[in-house]
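Commentary on secondary and tertiary structure
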Amino acid sequence: MKIQLSFESKHSSTELHIFSCFNKTKEEKSAKKSKEKDSKAEKVLSHAHWPAELTEAFTHAVASKHYKGDAGENIALTLVNGAAALIVGLGDKNKFTKEVLRRQIANTYKAISNKFEDATIHLDGFLVKGHAEDSIAAMVESLYMTSYTFDRHLSTKKKSKLAQIIIATGEKKSAAKKLETALHHAETIGQCIKVARDFVNEAPNILNSENYAKEIEKDAKNLKHVKLKILGKAEMKKERMGMFLSVNAGSAFEPRLVHLTYTPAKATAKTKHIALVGKGLTFDTGGYSLKPGPSMMNMKFDMAGSATMYAAFRAAVLMQLPVKISCYLGITDNAVSSLATMPDSIVTARNGKTVEILNTDAEGRLVLGDVVNYACDAKPDALIDAATLTGAILVALGSEVCGLFSNNQKLADSLLASAKNADEYMWQLPIIDEHKNDMKAIVADLKNIGGSGNGGSAKGAAFIENFIEPGIAWAHLDIAGVGDSQGHLPYCPAKGASGIVIRTLVDYLKNV
Ligand code: BES
Ligand code: ZN
Ligand code: ZN
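Residues numbered from 1 in each chain as written. Chains lettered and ligands numbered in written order. Predicted model: local features only at pLDDT ≥ 70, side-chain atom pairs only at ≥ 80, totals over all residues.

Section: the sheet that holds strand β14 (residues 402-406)
Threshold: A pair of strands is considered paired only if DSSP assigns at least 2 bridges between the two. Numbered from the N terminus, helices here are DSSP runs of H or I no shorter than four residues, and strands are runs of E no shorter than two. Only the stretch in contact is used when a helix axis is fitted, and all axes are lines through C-alpha atoms; the angle between N-to-C directions ranges over 0 to 180 degrees. Two residues form a contact once the distance between their C-beta atoms, set from the backbone, is within 7 Å.
The strand order across the open sheet formed by eight strands is β7-β8-β10-β9-β13-β17-β14-β15, and the pairing between neighbours is mixed. With partners counted over all chains shown, the strands left at the sheet margins are β7 (226-231) and β15 (426-428), one partner each. Strand-to-strand, the axes of this sheet are offset by a mean angle of 20°, without reference to chain direction. Two strands pair when backbone bridges link them, and strand β13 (residues 382-387) and strand β17 (residues 474-478) are joined in this way by five bridges, in the parallel orientation. Paired with alanine 387 across the two strands is aspartate 478, which belongs to β17. Running at roughly 15° to strand β8 (residues 256-262), helix α6 (residues 209-220) makes contact with β7, β8, β9 (273-284) and β10 (324-334) of the sheet.

Written as structure tokens, this is what we have:
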């Protein structure tokens, strides 16, 4: 699907014109009521931007009194020249936000994508607080996210008809450059979300740790100013990554630590350096602490943290943002075999701490612990990890909210602000000494699960903090909920990888 901006006023060749309509605000309604009792006044909907021809057709269509212009209430009309017009109800103008726009564009896309080959969206009716750049960005992100399908293994693919969308704007031509940039950035984010979703959705027998690293290497070759290093089992042994290696012990495939570095063209001593670390479990059986069948299903998605971080990195590089970014992806599966790590095993982490592995299903923290410690070597200004770390985060926050933990409130606040900007739900949870103490063992320095089953997400975060070097600002994102099926968001597939949190991270990297 091609998306283009247009500054022309006529779009006669378009099959479908998309306009919007707000319903009247309560104040408008009560003001009208006090002036006249005529029920026709209730039907005055806000549509000042429409062409006269459309206003006329619409006036007839609403004569039935049933149309109110509520959010999601759409109406289709035929214009005199034979083109179709779709009027998208956006609801209350005072409650119109980028997120309402994203959701309504998603619903609109679903309604038209199998009927029309091209469509023109008349932007002026979709402006959020009069802001063209933000509105274009929200629209384009939504179109990319909504049109995503994972159909590579289907013999019969459902192809959408819609091949072209024109965003027609009444803005001056002089604004073209910044509007084109907004479009381009949103397309980049949309494409990177697709890359992440494709990785996560791919089957574990096809995308094993070795292939996954190879695919990233292939993709990253096209990125400018990026260096790549991949550590295999031998290199990890040299690095003494005893925790990471213990997770890989039962695997038929080698572990991989993919290390990407982006240095912007005009980097100076003042350029900020951000490290992104991702959990990349291509499959999590639980190991000897085997997951029961229903809980194991879909554990191909246990690599969502790594796909999220790679996607955010990729987007930042394609936008050539003026920030240095190091990206570290800890990749393996958690398999069962005679060589797999047994519960009660004691291993030594990269930083020398010893860990008693009481539950081999709490493997993400073992991989991340060694990888975050490796990432600390470069002394980044901030280190952020993303991981499908705990089922407990779903209990705490539901599947809709990302859990945030941090040792640095400034960093946590920046991430919360970025989540707000990106309209993604994120909530901070604490790291407390009691939880840290609960992760201490009797026969080793640490154990990988807490003593009680409660507070699982916070204790997971408390464990990881043991491997962060002093002075490094660190934040941990538990995406076990948001990384997967987000049925409440019309621009995410009802089933499968969501790509949620990527937009927050890109916003953070833009503003750092
Ligand atoms: N990958 C899982 C976390 C997970 C669970 C993600 C459910 C999505 C849905 C992780 O490796 C895990 O198994 N964690 C355990 C930790 C426990 C043993 C302390 C969990 O959450 O049960
Ligand atoms: Zn696990
Ligand atoms: Zn896991």
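Now that the structure has been shown, we can carry on.
Let's talk about unusual backbone geometry
Which entries qualify depends on this criterion: Field definition: a residue is buried when 20 or more other C-beta atoms are found within 10 Å of its C-beta, exposed when 12 or fewer are, and partly exposed for counts in between, with C-beta atoms placed from the backbone.
Even without being glycine, arginine 240 reaches a positive phi, approximately 60°. Here arginine 240 lies in the loop between α7 (233-238) and α8 (242-248). Arginine 240 sits in the partly exposed class, given 16 other C-beta atoms within 10 Å. Of note, aspartate 344 is a non-glycine position whose phi angle comes to about 85°, a positive value. Checked against the element boundaries, aspartate 344 lands in the loop between β10 and β11 (345-348).

Section: the pairing of β17
Within β17, five of the five residues are buried, which leaves it mostly tucked inside the rest of the structure. Of the two faces of β17, the one holding Trp474, His476 and Asp478 and the one holding Ala475 and Leu477 are both buried throughout. Note: β14 against β17, four bridges, orientation antiparallel. Across the sheet, serine 406 pairs through a bridge with alanine 475, a residue of β17.

Structural notes on the site of ligand 1
In plain terms, the rule: Residues are counted as near a molecule or strand when the C-beta atom, derived from backbone positions, lies within 6 Å of that molecule or strand. Residues were grouped as follows: Ala, Val, Leu, Ile, Met, Phe, Trp, Tyr, Cys and Pro as nonpolar; Asp, Glu, Lys and Arg as charged; and all remaining residues, including Gly, as polar.
Around ligand 1 sit 14 residues in total, of which Asp361, Ala362, Thr390, Gly391 and Ala480 are the nearest. Split by residue class, the shell around ligand 1 holds four nonpolar, six polar and four charged.

Details of the packing of helix α13 (residues 409-421) against helix α16 (residues 502-511)
The following threshold applies: Note on angle classes: values under 35 degrees are labelled roughly parallel, values over 145 roughly antiparallel, values of 65 to 115 roughly perpendicular, and the remainder oblique. What makes a crossing left-handed is the near helix being turned counterclockwise from the far one by less than a right angle; a clockwise turn instead makes it right-handed.
Running from N to C, α13 and α16 point in directions that differ by 120°, and their axes come no closer than 8 Å. When the axes of α13 and α16 are compared, the pair comes out oblique. Crossing geometry of α13 relative to α16 is assigned as right-handed. Facing Ser414, Leu415, Ser418, Ala419 and Asn421 of α13, the residues of α16 in contact are Thr504, Asp507, Tyr508 and Asn511. Residues that form the contact of α13 with α16 fall into these classes: three nonpolar, five polar and one charged.

Overview of the environment of methionine 303
You can see methionine 303 is positioned in the loop between α9 (293-296) and α10 (304-318). Here methionine 303 falls in the buried class, since 34 other C-beta atoms lie within 10 Å of it. Linking methionine 303 and isoleucine 393, residues 90 residues apart in sequence, is a C-alpha distance of 16 Å. Excluding residues that lie within four positions of it along the chain, methionine 303 makes contacts with Phe199, Val200, Gly280, Leu281 and Thr282.

Considerations on the sheet that holds β11
As summarised here, the arrangement of the three strands in space is β11-β12-β16, forming an open sheet in which the pairing is mixed. On the outer flanks of this sheet lie β11 and β16 (446-447), each paired with one strand and no other. Sheet topology places strand β12 (residues 354-357) next to β16; two bridges connect them, and they run parallel. From the neighbouring strand, glutamate 356 faces β16, where its bridge partner is lysine 447.

Looking at the pairing of β11
A regular strand carries its side chains on alternate faces of the sheet. Strand direction decides the pairing type here: β11 and β12, joined by four bridges, are antiparallel. For isoleucine 346, the partnering residue across the bridge sits in β12 and is glutamate 356. Hairpin remark: β11 followed by β12, antiparallel, with five residues in the connecting loop; positive phi at glycine 352, about 95°.

Some thoughts on α16
Among the 10 residues of α16, eight are classified as buried, and the element is accordingly described as predominantly covered. Listing the buried residues of α16 in full gives Ile502, Arg503, Thr504, Leu505, Val506, Asp507, Tyr508 and Leu509.

Section: the domain arrangement of the chain
Using the following cut-off: Domain borders in the structure are assigned automatically or taken from a domain database.
Parsing the chain into structural domains produces domain 1 (2-185) and domain 2 (202-340 + 357-433 + 450-511). Using C-alpha coordinates to define each centre, domain 1 is positioned 37 Å away from domain 2. Counting residues at the interface gives 13 residues for domain 1, matched by nine residues for domain 2. If you list the elements that add at least two residues to the side of domain 1 that touches domain 2, you get α3 (98-112) and α4 (132-146). When the residues that make up the side of domain 1 that touches domain 2 are grouped by side-chain class, the tally is four nonpolar, four polar and five charged.

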